[in-house]
Amino acid sequence: MMVEERLSLRVHSCRFMSQLLVTGGAGFVGSHTCLALLQANHRLVVLDNYVNSSADSLERVCDLVGLKDRDALKVVQGDVRSPDDLNRVFQLSDKPIEAVLHFAGLKAVGESISSPLHYWDINVTGTRCLLQAMQSYGCKTIVFSSSATLYGSPKTLPITENSLVDPTNTYGNTKAAVERLLRDLVASEDSWRVACLRYFNPVGAHPSGTIGESPQGIPNNLFPVITKVALGQIDKLKIFGGDWPTEDGTAVRDYIHVMDLAEGHCFALELLQREDPQLLVMNLGTGTGYSVLEVVKAFEKACGVNVPYEIINRRPGDVACTIADPTLAQKKLGWRTKFSLDAMCLHSWSWQKDNPNGYIN
Ligand code: NAD
Ligand code: UFG
């Protein structure tokens, strides 16, 4: 299949063509969303300090889209906490920035617990600085990357947007704090258009295997660990706990393909731009949970490789089961996830096989 055909399979055509700011656009979710936004004819300015990414991801996005007009994607290396960097991006394009997709932030749960000041600085102060700049440039539309981690250990499943927000770690506290800040902003001025998208577990890669997740150092998340085990870079997968109250004793998560997630951002942006100003808070997940062992088996079958594993003690801070109720996003956005667990496995594997060291070749 031609690259163009593969791309057109998944890319939603947004009705509006806008000049957008994408913070953290070089990262995992950001780069896949940049691809979908460019394909939908938006023009982007990306602000990223590359603390957990590389400019290569955006070069590859341009190649995948076949971008001829390089002005459609301007990239600024800078920090969301810096008023100078923010002024630079807001003044860069001839057309005013109409909306922001805010991915920039730190996301490692363990690190967040040992470095709370740093996490609150980047995730909360960074967002406050961004909102300040948006307000002064009259840009009042933002799609924010929130997280299912803010539900903590859910009392009932599936998790709806009305479930208790009760984070169990610093990372989750910063996401909950930003959501509250956004709520306060909307309450103070009803011209803001805000979407807080609570992602469940983003995995997979672009079907071409050209862009994907490139964690710095030793990965913590399940999919990057599995692909590295399959490649022989790590001896075996350590499964954290075989005594969870689930069918096979391993923990259950709602894994969502990153291309479905990217499409969810396009739909949310389109809704914000189309409808009256509002605050949208919604889960982005598939509504189906898989245990760690089910993921391992699915990966082995889909990719034809072995994933040796051992079951060890539970990881501190983990919970037994998180599964989204995605009904609200389905109804409001008309959005449905399309990629199966097999596709998530296959695409992660293509990316890892072709890029054994991520973007560092
Ligand atoms: P990522 O680390 O791949 O991307 C984040 C990007 O932000 C990186 O490119 C990084 O260099 C950049 N960045 C970090 N601090 C910055 C700063 N101060 N100024 C400018 N750029 C900065 O992570 P991701 O998986 O793409 O996640 C994107 C967003 O989604 C994050 O806010 C994350 O918290 C949230 N999220 C991610 C997951 C997940 O499991 N991947 C789940 C829920 C929510
Ligand atoms: N797991 C293992 N071994 C590993 C890695 C993970 O058994 O080496 C297990 C975990 O214990 C968990 C499941 O695989 O049961 C998924 O773990 P991840 O680390 O991939 O994901 P989490 O559910 O812990 O958290 C992820 C992101 C968070 C985000 C959350 C909800 O890391 O940033 O999803 O969106 F907030």
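Use the structure listed above.
Each value, and the rule that gives it
Residues numbered from 1 in each chain as written. Chains lettered and ligands numbered in written order. Predicted model: local features only at pLDDT ≥ 70, side-chain atom pairs only at ≥ 80, totals over all residues. Heavy atoms only, no water. Near = heavy atom within 4 Å. Polar contact = N/O pair within 3.5 Å; in protein donor to acceptor, adjacent residues only side chain to side chain. Areas by Shrake-Rupley, 256 points an atom, 1.4 Å probe, with all protein chains shown as cover. Helix = DSSP H or I, 4+ residues; strand = E, 2+ residues; numbered from the N terminus. Nonpolar A, V, L, I, M, F, W, Y, C, P; charged D, E, K, R; others polar. Buried < 20%, exposed > 50% of the residue type's maximum accessible area, 1.4 Å probe, protein only. Axes fitted to C-alpha atoms, helices over the stretch in contact; angles between N-to-C directions. Parallel < 35°, antiparallel > 145°, perpendicular 65-115°, else oblique. Left-handed = near helix turned anticlockwise from the far one by under 90°. Contact = heavy atoms within 4.5 Å. Phe/Tyr/Trp six-rings, centres within 6.5 Å; stacked < 30°, edge-to-face > 60°. Lys NZ or Arg CZ within 6 Å of the ring centre and 35° of its normal.

1. Observations concerning the site of ligand 2
Ligand 2 sits among 22 residues. The nearest are S147, F200, N221, R253 and D318. One of the backbone nitrogen or oxygen atoms of Y199 is found 3.0 Å away from an oxygen atom of ligand 2. Take K238: an N or O atom from its main chain is 2.8 Å from a nitrogen atom of ligand 2. For ligand 2, the accessible surface in isolation is 690 Å², of which the surrounding protein chains cover 89%. Taken together, the elements giving at least two residues each to the shell around ligand 2 come down to α8 (222–230) and β8 (237–240). Ranked by the residues each element gives to the shell around ligand 2, the list is headed by β8, at four residues. Along the lines of polarity and charge, the residues of the shell around ligand 2 split into 12 nonpolar, five polar and five charged.

2. Examining helix α3 (residues 56–65)
An α-helix turns once per 3.6 residues; consequently, residues spaced three or four apart project the same way. Of all the 10 residues making up α3, seven are buried; the element is thus mostly covered by neighbouring parts of the structure. If you check which residues of α3 are buried, you get S57, L58, R60, V61, C62, L64 and V65. Immediately beyond the C-terminal end of α3, within one or two residues, lies G66, with a positive phi of roughly 70 degrees.

3. A look at the packing of helix α2 (residues 28–39) against α3
One can describe the packing of α2 onto α3 by two numbers: an axis separation of 10 Å at closest approach and a directional angle of 30 degrees. Our classification of the angle between α2 and α3 gives roughly parallel. Along this stretch, α2 crosses α3, giving a crossing that reads as right-handed. Residues S31, C34, L35, L38 and Q39 of α2 pack against S57, L58, V61, L64 and V65 of α3. A per-class count over the contact of α2 with α3 returns seven nonpolar, three polar and no charged.

4. Some thoughts on the packing of aromatic side chains
Applying the stated criterion across every chain yields a total of five aromatic pairs. Ring centres 6.0 Å apart and planes at 75 degrees place the aromatic pair F299 and W349 in the edge-to-face group. Taken together, the residues span a long stretch of sequence, with F299 in helix α10 (residues 292–303) and W349 in helix α12 (residues 341–354) at a distance of 50 residues. Look at W349 and you get buried, because its relative accessible area is 8%. Of note, R314 hangs over the ring of W244, and the distance from its end group to the ring centre comes to 3.9 Å.

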